[in-house]
Amino acid sequence: MLFCIVVIFVTVGHFGFVLFTHNWFYSKPFPRLMGDLIQATHFLFGLIGLFWVYTLAQKIEAFVSNPDPIFLYDILLIYGLFCLFVGSIFLPINEFFRNFWCLPLNLFKQQSRCFDYTNHFLLKNKIDFLNDSFKLEVVSAVISTPLLPINSKLKILHLSDFHFGGNNNYAYFQFVFAEVEKEIYDFVFFTGDLVDNVSFLRWVVPLLKKIQAKHGKFAVLGNHDLWNSPDIVRKYLRKAGFTCLSDDWCSVNHEGVRVGIFGNEYPWFSAKLPNIASEDYDFKILLTHSPDEFFWAAKQGFNLMFCGHVHGGQIALPFFGPLLIPSKFGRRFGSGFYVNDEMIMHVSRGIAGSFPLRINCKPEVTILSLVSKNM
Ligand SMILES: [Fe+2]
């Protein structure tokens, strides 16, 4: 019985370690080929490790019955004890604190409209109905804030991760943006990964030009844009009416409130995070690609942060959630709203991706309405 429990903890610890290092490595600005190699290595190591689990548990059992320090020179025993620690202690503690920064449900109202465009496309496999890639969730959230004057409102459309030329075709994006174009926003934010292939930049203007925003449309780039001629990507975004904020910011006056909109493209385009804490605005908004800058942004005094990059993990298990979240914080910031001090972060699942599968993880666009606290 005890041996079986050790086998389970070692297995969980092994996969936990593989996932943690995979997510951490994939959050770093490696060239695409190296990133893919790291991903393949993790996959192989995770699979091969399955054949070791029984041997690792046997070595732990032998060491416990005869704890001679000489055994500690056995690398398999060391790895087995490490997995036992990860599976039985580290992961349960980490999971306990995973939702620590989630914005409590009583602080915002949220409703969703879901659309299923799957039937408009030719299904290649019978199980394609399980694939959420051609569905869409339009999330409408309302958050009240004391930073806005009485009776004022700020309506923001957050878009992320289009990956034009990746998995989703032009007709799907037409459906999505037809839904989005129905309203007029104060701001539209795009947080990176516009294209997977530069030849699909021809989609940018016809799809994005019609979206309307009173104070402007703003964008930062992501890692996939870095791999696909970023200067040309920015040129097309400007043609579609976007202002590209690459380590730059601009100010907008909204009903007497000075709103500062900052863009930061660390770590893919910027060598380090700038110090912008001294910039004085009534309301500071940060656009960045990855949620990894959550704690830095809160320290800099931002009130709102928007990002994408992690695609909600693309595959989310029931009750347990997503596994593959390319962030240095692992599964902590998968999708949705998070809070740290006075700052609220929204992590978008994005609209598309390069990987042609989403399970329990619909593409998302989010309309965030900020209202003054007394409304
Ligand atoms: Fe992406």
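Reading guide: rules and limits
- Residues numbered from 1 in each chain as written.
- Predicted model: local features only at pLDDT ≥ 70, side-chain atom pairs only at ≥ 80, totals over all residues.
- Heavy atoms only, no water.
- Helix = DSSP H or I, 4+ residues; strand = E, 2+ residues; numbered from the N terminus.
- Rg over C-alpha atoms; globule rule 2.2 N^0.38 Å.
- Contact = heavy atoms within 4.5 Å.
- Areas by Shrake-Rupley, 256 points an atom, 1.4 Å probe, with all protein chains shown as cover.
- Lys, Arg positive; Asp, Glu negative; His and termini not counted.
- Charge placed at Lys NZ, Arg CZ, Asp CG, Glu CD.
- Domains from an automatic or database assignment.
- Buried area = accessible area lost by both parts, 1.4 Å probe.
- Core = buried A, V, L, I, M, F, W, Y, C linked by side-chain atoms within 4.5 Å.
- Buried < 20%, exposed > 50% of the residue type's maximum accessible area, 1.4 Å probe, protein only.
- Donors = N, O, S within 2.8 Å, 3.2 Å for Na, K, Ca; no water.
- Tetrahedral: all angles 85-135°; square planar, octahedral: opposite > 155°, others 65-115°.
- Pairing = 2+ DSSP bridges.
- Right-handed = clockwise from strand over helix to strand, strands pointing away.
- Axes fitted to C-alpha atoms, helices over the stretch in contact; angles between N-to-C directions.

*Asks:* Can you help me understand the overall build of the protein in this one?
*Replies:* A tally of helices and strands in the protein yields eight helices and 17 strands. Here the protein has a C-alpha radius of gyration of 23 Å; the compact-globule value for 375 residues is 21 Å, and the two agree. Overall size of the protein, expressed as C-alpha extent along the three principal axes, is 75 × 50 × 40 Å. Here the analysis covers contacts within the protein between residues at least 6 apart in sequence; of these, 73% occur between residues at least 24 apart. Accessible area for the protein stands at about 18,100 Å²; split by element, carbon and sulfur atoms hold 63% of it. Charge-centre separation for the protein: the mean point of 32 positive side chains lies 5 Å from the mean point of 30 negative side chains.

*Asks:* Help me understand the domain arrangement of the protein in this model?
*Replies:* A common way to state how big an interface is: give the accessible area lost once the parts meet. For the protein, the domain assignment lists domain 1 (2–96) and domain 2 (105–372). A straight line from the C-alpha centre of domain 1 to that of domain 2 covers 34 Å. Taken together, the contacts link 13 residues of domain 1 with 17 residues of domain 2. Of all residues in domain 1, N23, S27 and R32 give up the largest surface area on contact with domain 2, accounting jointly for 43% of the area buried on that side.

*Asks:* What should I look at first to understand the nonpolar core in this one?
*Replies:* If you look at soluble globular proteins, the nonpolar side chains tend to sit buried side by side. If you look at the biggest cluster of nonpolar residues, it comprises 36 residues, and the most contacted ones within it are L159, L194 and L208. Discounting chain neighbours no more than four positions away, the residues touching L194 are F162, H163, F164, L201, V204, L208, D225, V233 and L237. Counting residues in each nonpolar core, the second largest holds 25 residues, with L103, L148, I344 and L370 among its members.

*Asks:* Quick question: what am I supposed to make of the coordination of the iron ion here?
*Replies:* By definition of the ideal shapes, four donors in a tetrahedron about a metal sit 109.5 degrees apart, and six donors in an octahedron sit 90 or 180 degrees apart. For the iron ion, the full set of protein donor atoms is D161 (OD), H163 (NE2), D193 (OD) and H311 (NE2), at a range of 2.1 to 2.3 Å. Classification of the site at the iron ion rests on its four donor atoms, whose angles at the metal span 89 to 175°, yielding the label irregular. Positions of the donor residues of the iron ion, expressed as sequence spacing, correspond to D-x1-H-x29-D-x117-H. With a gap of 148 residues between them, H163 in the loop between β3 (153–159) and α4 (170–180) and H311 in the loop between β12 (304–307) and β13 (316–317) connect regions that are remote in the sequence. Both residues of the pair, H163 and H311, count as buried.

*Asks:* How should the pairing of strand β11 (residues 283–288) be read in this particular structure?
*Replies:* Two faces, one strand: in a regular strand the side chains alternate between the faces of the sheet. Summarising burial for β11: six of the six residues are buried, a large majority. Of the two faces of β11, the one carrying F283, I285 and L287 and the one carrying K284, L286 and T288 are both buried. The sheet contact formed by strand β10 (residues 257–264) and β11 spans six bridges and is parallel. Along β11, the bridge assignment pairs G260 with K284. Bridge count between β11 and β12: three bridges; the pairing is parallel. What sits directly across from I285, in β12, is L304. Note that the unit made of β11, helix α8 (residues 294–299) and β12 has a crossover that is right-handed.

*Asks:* What am I meant to see in the sheet that holds strand β1 (residues 108–116) here?
*Replies:* In any sheet, the strands associate via hydrogen bonds between backbone groups, in a parallel or an antiparallel arrangement. One open sheet accounts for seven strands, arranged β1-β2-β17-β3-β5-β7-β8; its pairing is mixed. Two strands close off the open sheet at either side, each with one partner strand: β1 and β8 (242–244). Here the strands of the sheet are splayed against their neighbours by 20° on average, with no regard to which way each runs. Bridging between β1 and strand β2 (residues 135–145) involves nine bridges; their strand directions are antiparallel. Bridge pairing in β2 places Q111 opposite S140. Sitting on the sheet, α4 touches β1, β2, β3 and β17 (364–372), and the angle it makes with β2 is about 30°. Against the sheet, helix α7 (residues 230–239) engages β5 (187–191), β7 (217–220) and β8, with an angle of about 145° to β8.

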